[in-house]
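Summary of structural features
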Amino acid sequence: MQFNHKQPELEVRSKKIIEVDGLKFKDLNNDGKLNPYEDWRLSPKERAENLVSLMNLDEKVGMMLINTRQMGLSQEDKSKTSHDGVLDEGIVEKGESIFAITKIYGSTHTIEKLNLRHFILRDNWSSAQMAEWVNAMNEVCEGTRLGIPCLITSNSRNENTEFVFGMNDAAGIFSTWPGTLGLAAAAKGDIKNGGDASLISEFAKIARDEWDATGIRKGYMYMADTVTDPRWQRTYGTFGEDPEFIAEAIGRIIDEFQGESIGKHSIAMTTKHFPGGGARENGFDPHYKEGKWNLYPTPGSLETYHLPPFRAAVEHGTSSIMPYYSIPSIKKSVVQEFEGEDIPFEEVGFTFNHYFINHILREKLGFKGYVNSDSGITSKMSWGVEELSEAERFAKAINAGTDIVADTNDVENLKSAINNGWISEKRIDEANVRLLTEMFALGLFDDRTYVSPENATSVVSNPANWDAAYEAHKKSVTVLKNQNQTLPLTAEKLDSKKAYVEVFHKEPERATSYTEDARKECKELGHFTLTDNYEEADVAILFLNPKSGAYFSATPGLLELEICENKTETALDGTTYQETTLSGMDHLKEVADSIHSRGGNVIISVNIIMPWILGNIEPLADALITGYDTFYKAQFEVMAGNFSPVGVLPLTLPASEAVIAVDENGDCVSRNDVPGYDKDKYMPEGLSYAYKDSDDNIYKLGHGLTY
């Protein structure tokens, strides 16, 4: 089949270009002839099949691993770099860092000797510097036996966020939008106002152009998980708790990032975390053993709430799917069905789970792409198969349908599983064809191997992209409570009144620097007369950034959702400990009381990265709003009335600790597998799940006031 007749512009740095039939092709294996895999007129699949037939076992094994790779600019010892400091050639011994599960070699050795071709970039340098790095990596790749290029992957880079290793690796270089929950709040607000979710499409289209120009061609995004357990640490990275909306958002994301099919300017998507990570056991995260279970105590919950967004991802042609670390629990679940068939629960992590990957994902949902494991499944997060050796874990995952294993360069154990006869060559070839078909479709073998750093700079610095992002920040702001029309604070209402601005955070030093930022952004707006003495202020604008728990380690007890300081908690082992989600609570109350004593107004903005319990905060506020890693300036604009509030809650905020209480058997009073808006169906009599404020507003999915 002749796929494409238009001569692409080819660039080579070490191999030659040959002419056949008056057309130019790269001679990637240096044999002076045109091999099918070098022929851009053929389909990606035909080329992939030909290339796999030419690859040796080491090359196939390397293709099935993806590892984090840092840029030379991040290497402190410049003698350990190559290509004018662009590539990192340092060696990290096993165990030296969280991702050094095996010994990490330099970039050139990893490409030439370990044969890896998939890399995760977590560094955050300028777009031009990232483009230069992608080019240097591909230059090394081109010089190898078959000239197979590499594919660079990243987590999301377009959302405003605090850096958290392995989740929020990078922000601020590409156009910076609110967090994923903020995109959901804004788009759901547009829908409520009679519009649609096209804000999500615009976001994805702009981000796609920026990634494409920089040469990062694959995204570990977005999360299609439905939030059902309120204590889940990953809530902020989701689109909330409404499966229908999440499905639409994921479809729009894939349509814009990938296009109708994967092509030369697509960003290939990895939708995660199949079959939905939201059904946690009381918020514990599967990055550590306490969180290894997914619970389904409610009949039909898996099919009703958790799988619909993944069905949408498959229908829109997502290039790959990432299964979650967790294990479906038999003991704490009831039998779940999918399309009328009972689902047998094998108690192993979903990446090892043959039924979920082959029967549900491939056969029932019709998924055609490849399966990309989450990081560390053969070494650290190998739930349900802990007793197996690392080579056996590779065999279990790959035979279950996983095609590429993430964040490892452990070629030895994968190769030994194959040499022991535990994985067939047919299965290895199948995985390689799937992985290479994507690389061919992306144009990486042809005219998209190298990118222009100058073009990357011009695309990423386009002011229109940043303007669109800022508009989304304004739209994300959600007004929960507005007593006696406190907002908007129009010029007439302010009338020479003084405003006091302060930011509160779990970490006091961050609170100080963020307060400076917020005051600066408030001044830029030129609407408020600021004072830094709250005792002379008539209005206080207080931003709260609570934080709870940690991503890679369990809290001693249940994760705290109340906004509190030095609260005494009981650990799972019965001992007590202190928990703080926000520092300076006494000071916060002092400021509010001082303002109220003079008849002034207190406006509180809470940053929603989790469904906080607001009982300690809401009574202090005349107006209560939420942002989602939303810029301060955008929030000031909404408060000032320059912009009418649009945002609505993408998830339900719990009423109190009572509605998420967990008994001595570990059973939660509200269902772990059911979203907030539906939890009341299963609550004990007399308990309502959603928070109700002093004005009788109910903080349920979709709540948001306007003016």
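Residues numbered from 1 in each chain as written. Predicted model: local features only at pLDDT ≥ 70, side-chain atom pairs only at ≥ 80, totals over all residues. Heavy atoms only, no water.

1. A closer look at the pattern of salt bridges
Taken as a whole, this structure holds 44 salt bridges when the rule is applied. A salt bridge links lysine 481 to glutamate 618; the shortest N-O distance between them is 2.7 Å. In this pair, lysine 481 is assigned in strand β17 (residues 478–482) and glutamate 618 in the loop between β23 (601–607) and β24 (623–627), connecting sequence segments 137 residues apart. With respect to burial, lysine 481 and glutamate 618 carry one shared label: buried. Through salt bridges with shared partners, one network takes in Arg362, Asp403, Arg427, Glu430 and Arg434. (Salt bridge = Lys/Arg side-chain N within 4 Å of Asp/Glu carboxyl O. Helix = DSSP H or I, 4+ residues; strand = E, 2+ residues; numbered from the N terminus. Buried < 20%, exposed > 50% of the residue type's maximum accessible area, 1.4 Å probe, protein only.)

2. Examining the pairing of strand β1 (residues 16–20)
Note that β1 and strand β2 (residues 23–27) share five bridges and pair antiparallel. Of the residues in β2, the one forming a bridge with valine 20 is leucine 23. The hairpin formed by β1 and β2 contains two residues between the paired strands, and aspartate 21 there has a positive phi angle of roughly 55 degrees. (Pairing = 2+ DSSP bridges.)

3. Some remarks on the packing of helix α17 (residues 508–525) against helix α19 (residues 632–640)
It is the contact of α17 with α19, at a shortest axis distance of 9 Å, that shows an interaxial angle of 50 degrees. Classified by the angle between their axes, α17 and α19 sit oblique to one another. The handedness of the crossing between α17 and α19 is right-handed. Across from Tyr514, Asp517, Ala518, Glu521, Cys522, Glu524 and Leu525 in α17, the residues of α19 making contact are Tyr632, Lys633, Phe636 and Glu637. (Axes fitted to C-alpha atoms, helices over the stretch in contact; angles between N-to-C directions. Parallel < 35°, antiparallel > 145°, perpendicular 65-115°, else oblique. Left-handed = near helix turned anticlockwise from the far one by under 90°. Contact = heavy atoms within 4.5 Å.)

4. Comments concerning the sheet that holds β23
The mixed open sheet is built from six strands, whose spatial order is β17-β24-β23-β20-β18-β19. The two strands at the open ends of the sheet, each matched to only one other strand, are β17 and β19 (529–530). Each of β18 (498–505), β20 (539–545), β23 and β24 is contacted by α19, which is oriented at about 140 degrees to β20, the strand it contacts most.

5. Structural notes on unusual backbone geometry
With the exception of glycine, most residues fall at negative phi, and the peptide bonds are largely trans. At the junction of methionine 221 and tyrosine 222, the peptide bond is cis and its omega measures out at 0 degrees in the coordinates. As for its position among the elements, tyrosine 222 is in the loop between β8 (218–219) and α7 (243–258). Residue proline 275 is bonded to the preceding phenylalanine 274 through a cis peptide linkage, with omega at -5 degrees. Relative to the helices and strands, proline 275 is located in the loop between β9 (268–274) and β10 (293–294). Positive phi, close to 50 degrees, is recorded for asparagine 484, a residue that is not glycine. Positionally, asparagine 484 belongs in the loop between β17 and α16 (491–494).

6. Observations concerning the sheet that holds strand β6 (residues 118–120)
Taken in spatial order, the eight strands of this closed barrel run β3-β6-β7-β8-β9-β11-β15-β16, and their pairing is parallel. Two strands pair when backbone bridges link them, and strand β3 (residues 65–68) and strand β16 (residues 404–406) are joined in this way by two bridges, in the parallel orientation. Bridge pairing in β16 links isoleucine 66 to alanine 406.

7. Some remarks on helix α15 (residues 463–476)
The terminal C-alpha atoms of α15 lie 20 Å apart, and with 14 residues this matches the ideal 20 Å at 1.5 Å per residue to within 8%. Residues Asn465, Ala468, Ala469, Tyr470, Ala472, His473, Lys474, Lys475 and Ser476 constitute the buried set of α15. Against α5 (180–192), α6 (198–214), α14 (453–460), β17, β24 and α19 lie the buried residues of α15. The distance from a side-chain oxygen at the start of α15 to the backbone nitrogen of alanine 464 is 3.0 Å, and the residue carrying that oxygen is asparagine 462. (Expected span 1.5 Å × (residues − 1). Polar contact = N/O pair within 3.5 Å; in protein donor to acceptor, adjacent residues only side chain to side chain.)

8. Quick notes on a negative patch on the surface
On the surface, Glu535, Glu565, Asp586 and Glu590 cluster together into a patch of negative charge. Residue placement: glutamate 565 occurs in the loop between β20 and β21 (567–570). Overall, glutamate 565 belongs to the partly exposed group, its relative accessible area being 31%. (Patch = residues over 30% accessible without salt bridge, like charges linked within 9 Å, V, L, I, M, F, W, Y side chains within 5 Å. Areas by Shrake-Rupley, 256 points an atom, 1.4 Å probe, with all protein chains shown as cover. Lys, Arg positive; Asp, Glu negative; His and termini not counted. Charge placed at Lys NZ, Arg CZ, Asp CG, Glu CD.)

9. Some details on the pairing of β18
With respect to burial, β18 is a largely interior element, seven of its eight residues being buried. Examined bridge by bridge, β18 and β19 share two bridges and lie parallel to one another. Bridged to lysine 498 within β19 is threonine 529. Looking at chain direction, β18 and β20 are connected through seven bridges and run parallel. When the bridges of β20 are listed, histidine 505 appears paired with asparagine 545.

10. Digging into the environment of serine 382
Mapped onto the secondary structure, serine 382 falls in the loop between β15 (370–375) and α11 (390–399). Overall, serine 382 belongs to the buried group, its relative accessible area being 2%. Leaving out residues up to four positions away in the same chain, serine 382 has contacts with Phe352, Ile377 and Arg393. At 3.3 Å, the side chain of serine 382 and the side chain of arginine 393 are in polar contact.

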